Each structure stands twice: as C-alpha cells, then as structure tokens.
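Read off the chains here:
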Amino acid sequence: EVQLVESGGGLVQPGGSLRLSCAASGFTFRTYAMSWVRQAPGKGLELVAVSSVGGSTNYADSVKGRFTISRDNAKNTVYLQMDSLKPEDTAVYYCNVDFRGFNYWGRGTQVTVSS
C-alpha cells in the first residue's frame, strides 16, 4: 500500500524558512518522480516542485529561487526547503506520486506565513 506522510509545517514569519519532509512507503521510491503540491485557502491546487528520477528538478515560477526540492532515496524521503517565505505561500502542502497511473497523496501539512 502506497503511503505518503508529510511533516514539518507550522507558523513562520515572512522571510523565514521551513523544511518539509515526506516519508514514502509501499513502492520503489527511487524509481518514481515525486512532487510537492499546495492548496492555498479558497484556491485550487498548485504544483510547486518536482523531483525526477534522473535528478532533475522543476519549480513553479512563484517559488523559483526560494524553494528547493531534494530527495534521499536511502530514506525514501523527499524534502522541500522553503526560504524567504511570503504570506502568499500560506497553504496546505501535499506530497504526491503518480504510481502506476494513480495519483497518491499524503494528508498534507499546513504552512502559515504571518507576522
């Protein structure tokens, strides 16, 4: 059974940093691309960052230069380092994997950027 468990969210002031983690199980982690997706209050889903199997990464324009996605295949974990946070980064952040044609999601972790 595929499971994704996010952690690391919280309340942070503008300009601050957080690191999110997503622990994965139930599939061969190193052979799948992993994504972070967020949903701000009252808005739709936004693809934030993708970590591909070959090591390449992609980011939404809104977070380029501020967020960094990385993965540790030995720990079956993907991370999202978030720096220079802005109030508009406030959202629930989800870890996502497309496994055999199905999208799997974690329960999400809340990130609130506010003074």
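Before going into details, it helps to say that this report is about the structure given with it. Numbering of residues starts from 1 in every chain and runs along the sequence as written. Thresholds applied to this predicted model are a pLDDT of at least 70 for local features of residues and 80 or more for the giving and counting of side-chain atom pairs; totals over whole chains, interfaces and linings are not thresholded and use all residues. Where side-chain values are given, they derive from all heavy atoms of the structure, hydrogens and water being excluded.

### Observations concerning the side chain of Asp89
Elements are defined by DSSP. Helices are runs of H or I of four residues or more, strands are runs of E of two residues or more, and each kind is numbered from the N terminus. Tracing the chain through its elements places Asp89 in the loop between strand 8 (77-82) and strand 9 (91-99). Among the polar contacts listed, one links the side chain of Asp89 to the backbone nitrogen of Lys86, at a separation of 2.8 Å. Whether two residues are in contact is decided by their heavy atoms, any of which lying within 4.5 Å being enough. Every residue in contact with Asp89, bar those within four places of it in the chain, is listed here: Arg38, Arg66, Phe67, Ser84, Val111 and Val113. Polar contacts here mean pairs of N or O atoms no more than 3.5 Å apart (in protein, one a potential hydrogen donor and the other a potential acceptor; neighbouring residues in sequence count only if both atoms are side-chain atoms).

### Focus: the pattern of salt bridges
Each reported salt bridge corresponds to a side-chain nitrogen of Lys or Arg within 4 Å of a carboxyl oxygen of Asp or Glu. This structure, assessed with the given rule, holds four salt bridges. The partner of Asp89 in a salt bridge is Arg66, and the shortest N-O contact between them spans 2.7 Å. You can see Asp89 sitting in the loop between strand 8 and strand 9 and its partner Arg66 sitting in the loop between strand 6 (57-59) and strand 7 (67-72), a full 23 residues away along the chain. Accessibility classification places Asp89 together with Arg66 in one group, the buried group. Here the salt bridges do not stand alone but share partners, grouping Arg38, Glu46, Arg66 and Asp89 into one network. Burial classes: relative accessible area under 20% of the type maximum marks a residue as buried, over 50% as exposed, and values in between as partly exposed (1.4 Å probe, protein chains only).

### A short note on the state of the cysteines
Note that a disulfide, as used here, is simply two cysteine sulfur atoms within 2.5 Å. Overall, the coordinates contain one disulfide when judged by the stated rule. The side chain of Cys22 participates in a disulfide bridge whose partner is Cys95; the two sulfur atoms lie 2.1 Å from each other. Taking the sign of the S-S torsion, about -80° here, the bridge from Cys22 to Cys95 comes out left-handed. Pair noted here: Cys22 is in strand 3 (residues 18-25) and Cys95 is in strand 9, with a separation of 73 residues, a long-range link. There is no split in this pair, since Cys22 and Cys95 are both buried.

### Points about unusual backbone geometry
Phi at Asn76 takes a positive value of approximately 55°, unusual for a residue other than glycine. By secondary structure assignment, the location of Asn76 is in the loop between strand 7 and strand 8. Its identity as a non-glycine residue notwithstanding, Ser84 has a phi of 50°, on the positive side. Within the secondary structure, Ser84 sits in the loop between strand 8 and strand 9.

### Focus on the packing of aromatic side chains
A pair of aromatic rings is counted whenever rings of Phe, Tyr or Trp (Trp by its six-membered ring) have centres within 6.5 Å, and the orientation is called stacked for planes under 30 degrees apart, edge-to-face for over 60 and tilted otherwise. Summed over all chains, the structure comprises six aromatic pairs. Judged by centre distance (5.6 Å) and plane angle (90°), the rings of Phe27 and Tyr32 are edge-to-face. By way of ring pairs, the aromatic residues Phe27, Phe29, Tyr32, Phe99 and Tyr104 are connected into one cluster. A cation over an aromatic ring shows up here: Arg71 above the ring of Phe29, its NZ or CZ 4.5 Å from the ring centre. Each ring is checked for a lysine NZ or an arginine CZ that lies within 6 Å of its centre and within 35 degrees of its normal; such an atom marks a charge sitting over the ring.

### Topic: the environment of Ala60
On the secondary structure map, Ala60 appears in the loop between strand 6 and strand 7. For Ala60 and Gly10, which are 50 residues apart along the polypeptide, the C-alpha to C-alpha distance reads 21 Å. Residues in contact with Ala60, not counting those within four places in the same chain, are Glu46, Leu47 and Val48.

### Details of the pairing of strand 7
Every second residue of strand 7 is oriented toward a common face, the buried set being Phe67, Ile69 and Arg71 and the non-buried set Thr68, Ser70 and Asp72. The pairing criterion is simple: DSSP has to find at least two bridges between the two strands. Here six bridges tie strand 7 to strand 8, and the two strands are oriented antiparallel to one another. Across the sheet, Ser70 pairs through a bridge with Tyr79, a residue of strand 8.

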